[in-house]
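Topology and contacts: notes
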Amino acid sequence: MQYLTLNIEDGVAIATIQRPPANALSRELISEVDELLSSVEHNDSVRVILIHGEGRFFSAGADIKEFTEVTSGEEFSKLASNGQQVFERLESFPKPVIAAIHGAALGGGLELAMACHIRLVADDAKLGLPELQLGIIPGFAGTQRLPRYVGMAKAAEMLFTSEPITGTDAVQWGLANKAFPVEELLPNALEMAKKIALKSPIALKAAIEMLQYSKHQAYYDGVRAESHSFGTVFESEDAKEGIQAFIEKRQPSFTGK
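What you are looking at is a predicted structure, and each value in this text was computed from that prediction instead of being measured. (Residues numbered from 1 in each chain as written. Predicted model: local features only at pLDDT ≥ 70, side-chain atom pairs only at ≥ 80, totals over all residues. Heavy atoms only, no water.)

A few points about the sheet that holds strand S8 (residues 165-166)
One open sheet accounts for 3 strands, arranged S5-S7-S8; its pairing is mixed. Among the strands making up the open sheet, the edge pair consists of strand S5 (104-106) and S8. Pairing geometry for S5 and strand S7 (residues 126-128), over 3 bridges, is parallel. Bridging across to S7, Ala 104 finds its partner in Lys 126. (Pairing = 2+ DSSP bridges. Helix = DSSP H or I, 4+ residues; strand = E, 2+ residues; numbered from the N terminus.)

In C-alpha cells, the structure reads:
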C-alpha cells in the first residue's frame with residue numbers, strides 16, 4: 001500500500017495514513033482502506049484496528065483536485081457510492097476499529113472517522129463537514145451518520161455553517177468518545193486498543209453485529225436477535241474460559257474459538 005502503513009503490535013493493527021501534506025482522501029487511499037480490511041479480517045493475530053494520521057492531520061478531507069477530473073454527475077455519484085461501500089464495510093467490520101484524531105478530520109476525513117466504532121480525539125482537533133462551503137454536500141454518508149451521533153439540530157448547524165468543532169466539543173456533542181492533549185492521544189488510543197484486544201474475538205464480533213443490527217432493525221427484532229446471539233456465543237470455548245477465569249479470579253485467555 002502506498003498511503004497506508006501497517007504495524008501489528010500486541011493484537012493491534014496500527015494503520016497510519018501517510019499522504020502529506022493533508023492526508024487527503026483520494027480514491028486510491030479509500031481503496032487502500034478496503035485493502036487494509038481485507039488483509040486483517042482473517043488474520044488471527046489482529047484483534048483491533050487503530051487508524052491515525054501521520055504529520056499535522058488525521059485527514060483534512062477529500063482530494064479536491066480529483067473533483068476537477070470528474071466531468072459528470074453520474075461519475076460523482078459513482079465516486080460517492082464507492083466510498084460509502086468501503087466505509088459501510090468499515091463500520092460493520094467484525095473487529096473493533098478505533099480512530100485517533102489529531103489536527104483535523106474534515107469532510108471525507110470525518111466521514112472516515114465516523115465509520116469507525118470508536119473516536120478518540122486531541123482536545124484541540126478540528127472536526128467538521130465543510131462541503132457546503134464549496135457548493136457541494138458530503139458524499140460518503142456524512143449526512144446520515146452525523147445526526148445519529150449529534151442529533152438533527154447540531155448536525156444541521158455543522159453542515160449549514162461549515163464551521164468545525166473542537167475535539168472537546170465533539171466529546172460533549174457525542175461525536176467522539178474521549179479527548180486528550182495531543183501528545184497523549186496516541187498512547188491512550190493504543191492503550192485502549194490493547195485492552196480491547198484482550199477480549200474474546202467471538203464476543204467482540206457478536207457485539208459489533210448487534211450494534212449494527214440496531215441501526216437497521218426495529219427494537220424488538222434486535223432484542224430477539226440478541227437473545228439468539230447470546231446463546232450462540234455462550235456455547236463458545238471463549239465463554240467457558242471467561243466464566244471459569246472469573247470464578248478462579250484470574251485474567252482470561254481467549255483464543256477466538
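Some details on the nonpolar core
Formed by 63 residues in total, the largest nonpolar core has its most connected members in Ile 49, Leu 127 and Leu 175. For this core, the element with the highest residue contribution is helix H8 (residues 182-197), accounting for 7 residues. Discounting residues that sit within four places of it in the chain, Leu 175 has contacts with Leu 110, Met 114, Arg 119, Leu 127, Leu 146, Tyr 149, Val 150, Met 158, Ile 165 and Ala 170. (Core = buried A, V, L, I, M, F, W, Y, C linked by side-chain atoms within 4.5 Å. Buried < 20%, exposed > 50% of the residue type's maximum accessible area, 1.4 Å probe, protein only. Contact = heavy atoms within 4.5 Å.)

Observations regarding the pairing of strand S6 (residues 118-122)
In summary, the side chains of a regular strand alternate between the two faces of the sheet. With 5 of its 5 residues buried, S6 lies for the most part within the structure. The alternating pattern of S6 places Ile 118, Leu 120 and Ala 122 on one face and Arg 119 and Val 121 on the opposite face, and all of these are buried. In this sheet, S6 lies alongside strand S4 (residues 97-101) in parallel orientation, the contact comprising 4 bridges. Note on S6: the bridge partner recorded for Ile 101 is Val 121.

Re a nonpolar patch on the surface
Taken together, the side chains of Phe 230, Phe 234, Ile 243, Phe 246 and Ile 247 make up a nonpolar region of the molecular surface, amounting to roughly 620 Å² of accessible area. If you list the elements that add at least two residues to the nonpolar patch, you get helix H10 (219-234) and helix H11 (237-247). Top element by residues in the nonpolar patch is H11. It accounts for 3 residues. If you trace the backbone, Phe 230 turns up in helix H10. (Patch = residues over 30% accessible without salt bridge, like charges linked within 9 Å, V, L, I, M, F, W, Y side chains within 5 Å. Areas by Shrake-Rupley, 256 points an atom, 1.4 Å probe, with all protein chains shown as cover. Salt bridge = Lys/Arg side-chain N within 4 Å of Asp/Glu carboxyl O.)

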